[in-house]
Structure formats: C-alpha cells, structure tokens
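Listed here are the chains, written in short residue letters.
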Amino acid sequence: MRYPFPVGKSDFIQGDEAIARAAILAGCRFYAGYPITPASEIFEAMALYMPLVDGVSIQMEDELASMAAIIGASWAGAKAMTATSGPGFSLMQENLGYAIMTETPVVVVDVQRGGPSTGQPTLAAQGDIMQAIWGTHGDHSLIVLSPSTVQEAFDFTIRAFNLAEKYRTPVVLLTDAEIAHMRERVYVPLPEEIEIINRKLPANEEEAKFPFGDIHGDGVPPMPIFGRGYRTYVTGLTHDERGRPRTVEAEVHEKLIRRIIEKLERNREDIISYDAFELDDAEVAIVSTGIVSRSAVRAVKILRERGVKAGLLKLNTIWPFDFDMIEELAERVRKIYVPEMNLGQLYHLVKEGANGKAEVELIAKIGGEVHTPMEIVERVVG
Amino acid sequence: MYLKSAYEIRDKYLRKDMLPTIFCPGCGIGSALQYTLRAIDDLGLNQDEIVWVSGIGCSSRVPGFVNFDGLHTTHGRALAFATGIKLANPDLKIIAFMGDGDAAAIGGNHLIHAIRRNLDITVILINNFTYGMTGGQVAPTALKGLRGTTAPYGQFENPFDIADLAVSAGANYVARWSVFNYLQGINSIKKALNKEGFTLVEFLSPCPISFGRRNRMKTAPELLRWYQKITVPLAKAKKMPPEELEGKIVIGEFADRDRPGLVREYEAYKKRAKKMMGWEE
Ligand SMILES: Cc1ncc(C[n+]2csc(CCOP(=O)(O)OP(=O)(O)O)c2C)c(N)n1
Ligand code: SF4
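Residues numbered from 1 in each chain as written. Chains lettered and ligands numbered in written order. Predicted model: local features only at pLDDT ≥ 70, side-chain atom pairs only at ≥ 80, totals over all residues. Heavy atoms only, no water.

Taking an unreviewed UniProt entry as the reference, chain B is identified by name as 2-oxoglutarate synthase belonging to Thermococcus radiotolerans.

The name given to chain A in an unreviewed UniProt entry is 2-oxoglutarate synthase subunit KorA, with Thermococcus radiotolerans as the source organism. You can read under Catalytic activity (unreviewed entry) in the UniProt record for chain A the words "2 oxidized [2Fe-2S]-[ferredoxin] + 2-oxoglutarate + CoA = succinyl-CoA + 2 reduced [2Fe-2S]-[ferredoxin] + CO2 + H(+)". Quoted verbatim from the Subunit (unreviewed entry) heading of the UniProt record, the comment on chain A is "Heterotetramer of the KorA, KorB, KorC and KorD subunits." (UniProt positions renumbered as here; feature names shortened; annotations may be inferred.)

Here's what the structure looks like:
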C-alpha cells in the first residue's frame, strides 16, 4: 500500500499532522469533522490524505453530525475518527454517549483550548479533563489518553485505535493547542513496524445473535458489521444481549451498564499507562499529564540539583484512572503537587486517589501559557 | 400490481420476537411501514443489503420491528449517522424512517445538508403534525391553529412544508401522500428506492392518540376525513388561486430528477485527488 507521506523515517511535523498520519497508519479510513481551532489541521491533513488511500474525509454540518457519522461508519466496518476542540467536543457529548451505549469503536480527538464557551481559541489549556471523562450523561466509562509530545501524539493515536477496537469503545485522545501546533521530530514507522488490533467479529451466526452479550466472558461482545447478513439491531436505548430495547427493567439496565463499565475496569492493567521519572526515592512527587509534564520533567531536574528528592508521575491515560497507584505513591511521599492548566481537574482525581495519605497541592495556571519549570520549582521549595 | 397478503409481508420481514409494535390503535406508522416493505418486496431487493436508520420518536421505532440491520440513533441525527454508513460501505442501501419533529426540528440542519449533498438514501417521513412519542406537543409541520400540549390555544407559528423544503434543497425524488393513498404511496417508495441520491416520501399519518384527541379527531376515520378535506392533488393545486390553498396540503410527486448522488461524487473526487497528486492517470 502506498502512503501519501514518508514512512519508515523521521519527519519534522506538527502535533495535528502527526495525529492524522498515525490515524491512517492505524487503519482509519473514515474521517468526519467540522473545522475548529486548534484542531483544524488534523481535518486538513485528513482531507488531503484520505482520498489517496481510498478513505473518506467529509466536512459535516456540525460536530453532532461528525460524531454521528463516524459511529455510522464504524458499524459499516470502517475505523473512524473525528477531531475537535472544547466547544465542538461539548456538541459531541450526546453521540459520544451513544457510542458508549452501543459499544462502537471510534476515536475522538479533543485538542483543548481555553474555555468555557469559545474562550481562548488559539491558546492551550487542559480544561476538558472532566468533560472527557464525565461529559456525557448517565453512568458510563470510556478511555481517555493524553500525549505530551508530538511523538506521543502520533503513538497514542495508534494506541487509541487499537484500544477502541479491542474493547469496542470510544477512545478520546485529549491533547492541547500547544502540542497541536508545535513542530517536533517524529518517527513515522513502516506499516509492518506497527501492531494493529482489529475488532472481534462474530465467528458464526450464533455469536452474531448476541451483539451485546458477554459470550466470550471477557466483557467484549463480537461486533456484527452491517451488510454481512446478521441483521443486527443497534439502539441507544437500554437493550438486552440481542440488542432488543428493554427500557423499564432495572436488571437489564444494570447488567448492561455494569458490563460496559467493567469491561474497561477489569482491563485496567492493559489500558492504563504512565511514565515514572526519578520516583523511586522521591519525597515529593509531581503528578501531571499532557504538555505540563514537560515543564515538570525540567522542574524535577532543577529540584534534584537543589537537593530536593523530587520525582514525576506522568499519566498517559487519564481514564480509567489508577486511584490505587496514586494511593501507593501517597504512602511513599510527603507531598504530591499537581500542576495543570486549569483550576483543578486532575487535582480532584489525584486527591481522591491519595486518600489522605499525603498532602496534595494544586499548581493551577490558566490563560493560555504552560507552566514554566521555575513556577513549579518555586511552589515546591516554597 | 399484485398485492401479497399482509400476513405474507409480515412473516417475511418483521421480527416476530419484537411484536407487538408499540403503535397505538389507528396509528398510521404501520401503514407506511407496510408500504415500504411491499415496495422492497416488489423490487426484489436483498434484505441483507439494506440498513434501516432512525432517530427518536414513535416513527423511529420502526427499524426495531423489521428483520434487517438497523441503527436506532439519537433524536434528529439519523441522517448524519447514515452519511457515515453509506460512505463507509456504498454497497448498502439505506432507508431512514423519521418523524416530522425528528426530521425538521432537531434534525432540520442534518436534513437540509443531507439533501444538499444528495446523500444516497430513501427517507420515509411520518408527518403527523405532532410529537407523538412525547405526548402531543406541536411539531414544526403543525398548521396554524392546530393544537398541541405546548400550544394549547392553537399553533401561532408558520409550518414547514417538508416536501417543499426537500425540493428546494435539491432532492432527487420527493413525493407526499397521506397513508390512505396506498397505491401511490407504494409506487413512490419503489421509485425512491430505485434512484440514486436523496429521495423522500412523506406520509400524512394519523396519530389519533397524541394529536387527534387534542384536535377533536379522536379516531383514525375522523382523521382520514380531515386529510381528505385538507389535501389537494398537485394537478388541481396548480390551477387554484393562493387564497384557496391557504391551510391546505398539496399531495403528489414534486421532484423526479437524476443529479449524481454523494457516493458517485465522492468516487469522482477520489479519482481527481489521485490524478492531481500524480498517483494515477
Ligand atoms: C435530544 C432529545 N431531545 C428531546 C427528546 C424527547 N423526544 C423523544 S421523541 C420526541 C419527538 C418525536 O416526535 P416526532 O419526531 O414527530 O415523531 P413521532 O413520535 O410523532 O413519530 C422528542 C422531543 C429526546 N429523546 N432527545
Ligand atoms: S402516539 Fe401517535 S404516532 Fe405514536 S404510536 Fe400512538 S398514534 Fe402513532
């Protein structure tokens, strides 16, 4: 297969461009979107590449429609993605919930910008952490990944597709304006260097009768693709294992929703990913995610030079959240600092995880700029 | 046309384990469904290559009762979901079953854009002037003066003429009938299913329970008589002065043309892209 960009070598590209290239290498062949800063370049790259790789790129009338279209494409058998920023992500929440309820593998990129509302279109923020995890209504779970470099934006996009397919769930790639527009050296691998996971299909007619049943005991039902003769009915209403609406029975609802949440919970070890930096002997820990982690790495180095035993826990997955790991960390350190580009969203999760075992302090910064390393250092040394 | 018995159609196309339907006695949705199934049967279309999509509402429950692949989505968004299905697998034929509130209120933007793109789909639109499922609020199709729970003193807004809108936005085929025009209805659906691009068949459909009761027409026969009174065939309407058409609904075939559909346009676009990039001649 021929690619419209160089593969098997490094290139100097923006985060948005990296996401588009990774999606295509991951097998994405359907993109639907609506332009919004700072995510538009993902769309523009997809618009350029998709027709060349026999995929589809279409500009929908809004984000509601974009989200709907990728879900439709997924049921027709395609790996599908959309990308947006805060205000558009809000519009997607209705159908993001639909994707969770119908267990549809799709990838949604949210390039965060300052909010609420149209806020600061061109500046970076991390204000959508809660929206990504809890934005849609009802009890639910999904996967949220958060890159901190352009290379990670690339790698995590491939991972996002793999996790979506493996667990039949929407995956949110939560990035920000800084990573979106920053150019960095990225290794774009050869297709054969990439591990690709495809959704489990029904092995036979019998399996296809239970598109929402835990027939393999792993919580993830095989997905009968439309047009293959299985005559599957998919509904956002509470449904039984066969997909039939059963909207008033508490047991049916409970069984369905618990399975949807537990299929991710019981695979936490496979899904959750983090990087630890100088944490082994640390007395103070910094917990961060995304772009801020880069300042945090530098801050740890400066703190060590000054004799403070500091370490960093960089979260690559924001949800599912590893509350237990944070508690273990809290048992080992005196204090945990949470620098983030909002007024305390990751902080809430970390504090809950720490469970009172260590003090947790928020280092908040809003307005569009990433924390400087010194801003973190100064807060730690007081 | 030879008409098969309704039982034959039912047994061939409905999911037995989903019956009975949720529809009230006297509801017109079942009739529109039967016409659609008869059209599919008459054309001999492959059941495995048709996907039914819908939003939310009484009308949108239809895909659940038919033995086909079906996507029952969120309120108003069916056509946006369908865009993804169709472009990801152009071999699938798509039928959308929609209510008037679903299609023209919350889904109005998706409707006009799906038509503008000429998305290859057949829409069967149930126009009952009301929000049936939520209990009789006014729909954007409600004629002035009609009552709904949210316009207890009679609708004061102007109604949408969905067929008219579809013609202007560029649909390839547009027809409107009441559910009592069954032969015309079936024939229109057949034409629609055979065409590329966006096709829409609107049915004026009785909703005695949520709509009729509030408008002094508690039964389907009363609604039938009212439809006979307010509908005017297209040929006749052309000769009528506008004052006389006030408060009337024109029925008939409003558009029948063959503009290229979205799938064909995108195929050509892909070719153009490859050519412009020097990937192929
Ligand atoms: C986002 C959203 N808003 C509102 C509703 C509530 N709701 C359910 S059905 C419906 C209207 C249905 O009316 P129509 O589309 O005319 O179909 P009918 O029931 O008359 O066939 C509404 C408003 C909903 N389900 N979702
Ligand atoms: S409420 Fe109206 S539209 Fe809905 S099923 Fe009853 S009669 Fe039909």
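Draft legend 1. Highlighting the overall build of chain B. In terms of helices and strands, chain B carries twelve helices and ten strands. Over its C-alpha trace chain B gives a radius of gyration of 19 Å, about what one expects of a compact globule, namely 19 Å for 281 residues. Oriented by its inertia axes, the alpha-carbon framework of chain B measures out at about 65 × 45 × 35 Å. Nonlocal contacts in chain B, meaning residues at least 24 apart in sequence, comprise 69% of its contacts between residues at least 6 apart. Only carbon and sulfur atoms are counted for the fraction: they give 53% of the accessible area of chain B, which is about 11800 Å². Side-chain charges of chain B comprise 36 positive and 28 negative groups, with the mean position of each set lying 4 Å from the other. (Helix = DSSP H or I, 4+ residues; strand = E, 2+ residues; numbered from the N terminus. Rg over C-alpha atoms; globule rule 2.2 N^0.38 Å. Contact = heavy atoms within 4.5 Å. Areas by Shrake-Rupley, 256 points an atom, 1.4 Å probe, with all protein chains shown as cover. Lys, Arg positive; Asp, Glu negative; His and termini not counted. Charge placed at Lys NZ, Arg CZ, Asp CG, Glu CD.)

Draft legend 2. How the structure looks around the site of ligand 1. Within the structure, ligand 1 sits among 17 residues, and C58, S59, D100, D102 and G132 of chain B are positioned closest to it. More than one chain reaches ligand 1: its neighbouring residues belong to chains A and B. Contact distances for ligand 1 include 2.8 Å between an oxygen atom and a backbone N or O atom of G132 of chain B. In this structure, M133 of chain B approaches ligand 1 through a main-chain N or O atom, which is 3.0 Å from an oxygen atom. In isolation ligand 1 exposes 590 Å². Once the protein is present, 76% of that is buried. The set of elements that each furnish at least two residues to the shell around ligand 1 consists of α5 (100–106) and β5 (130–131) of chain B. Classifying every residue of the shell around ligand 1 gives five nonpolar, nine polar and three charged. (Near = heavy atom within 4 Å. Polar contact = N/O pair within 3.5 Å; in protein donor to acceptor, adjacent residues only side chain to side chain. Nonpolar A, V, L, I, M, F, W, Y, C, P; charged D, E, K, R; others polar.)

Draft legend 3. Just the sheet that holds strand β4 (residues 121–127) of chain B, in detail. Pairing is mixed across the open sheet formed by nine strands, whose spatial order is β9(A)-β2(B)-β1(B)-β3(B)-β4(B)-β8(B)-β7(B)-β10(B)-β9(B). Where the open sheet ends on each side, the last strands, each with one partner, are β9 (233–235) of chain A together with β9 (231–233) of chain B. Averaged over all neighbouring strand pairs, the angle between strand axes comes to 20 degrees, with direction disregarded. As paired strands, β4 of chain B and strand β8 (residues 198–204) of chain B are joined by seven bridges and run parallel to one another. Across the sheet, residue L125 of chain B finds its bridge partner in β8 of chain B, namely E202 of chain B. Across the sheet, helix α8 (residues 182–193) of chain B lies against β3 (93–99), β4, β7 (173–178), β8 and β10 (249–256) of chain B, angled at about 160 degrees from β7 of chain B, the strand it touches most. (Pairing = 2+ DSSP bridges. Axes fitted to C-alpha atoms, helices over the stretch in contact; angles between N-to-C directions.)

Draft legend 4. Quick peek at the side chain of K195 of chain B. With respect to the element layout, K195 of chain B can be found in the loop between α8 and β8. Dropping the residues within four chain positions of it, K195 of chain B is found in contact with N172, Y173, D256, R257 and D258 of chain B.

Draft legend 5. Molecular detail of the nonpolar core. In this structure, F30, M81 and I336 of chain A together with V53, I121 and F198 of chain B are the most contacted members of the largest nonpolar core, which totals 153 residues. For this core, the element with the highest residue contribution is helix α6 (residues 150–167) of chain A, accounting for ten residues. Sequence-distant contacts of I336 of chain A, defined by excluding residues within four places in its chain, comprise A285, V287, I326, L329, A330, V350, A354, E359, V360 and E361 of chain A. Grouped together as the second largest cluster of nonpolar side chains are 45 residues, L37, Y173, Y227 and I230 of chain B included. (Core = buried A, V, L, I, M, F, W, Y, C linked by side-chain atoms within 4.5 Å. Buried < 20%, exposed > 50% of the residue type's maximum accessible area, 1.4 Å probe, protein only.)

Draft legend 6. Highlighting the layout of surface pockets. Residue and element names in this part refer to chain B. The space that makes up the largest pocket amounts to roughly 520 Å³. Lining the largest pocket are 22 residues; nearest its centre among them are D161, L245, K248, I249 and V250. Within the residue set of the lining of the largest pocket, elements represented by two or more residues are α7 (162–169) and β10. Split by residue class, the lining of the largest pocket holds eleven nonpolar, four polar and seven charged. Considering only enclosed or pocket space, the second largest pocket measures out at about 370 Å³ in volume. (1 Å grid on protein atoms, 1.4 Å probe; cavity = no way out; pocket = protein on both sides within 12 Å on 5 of 7 lines; lining within 4 Å. Points joined across faces, edges and corners; volume = space filled by probe spheres on them.)

Draft legend 7. Representation of the confidence of the model for chain B within the structure. A residue-level look at chain B finds 99% of positions with pLDDT of 70 or above and a mean pLDDT of 96. Across the predicted assembly, pTM comes out at 0.98 and ipTM at 0.97. (pLDDT = per-residue confidence, 0-100.)

Draft legend 8. Main features of the site of ligand 2. Every residue near ligand 2 is listed here: F23, C24, C27, I29, C58, N128, G132, C207, P208 and S210 of chain B. Across the shell around ligand 2, the residue classes break down as seven nonpolar, three polar and no charged.

Draft legend 9. Expanded view of helix α13 (residues 346–354) of chain A. All names here are of chain A. Along α13, the residues that are buried comprise L346, Y347, L349, V350, G353 and A354. The buried residues of α13 occupy an angular sector of 165 degrees when the element is viewed end-on, so they sit on one face. Immediately downstream of α13, the backbone of N355 shows phi near 55 degrees, a positive value. (Arc of directions from axis to C-beta.)

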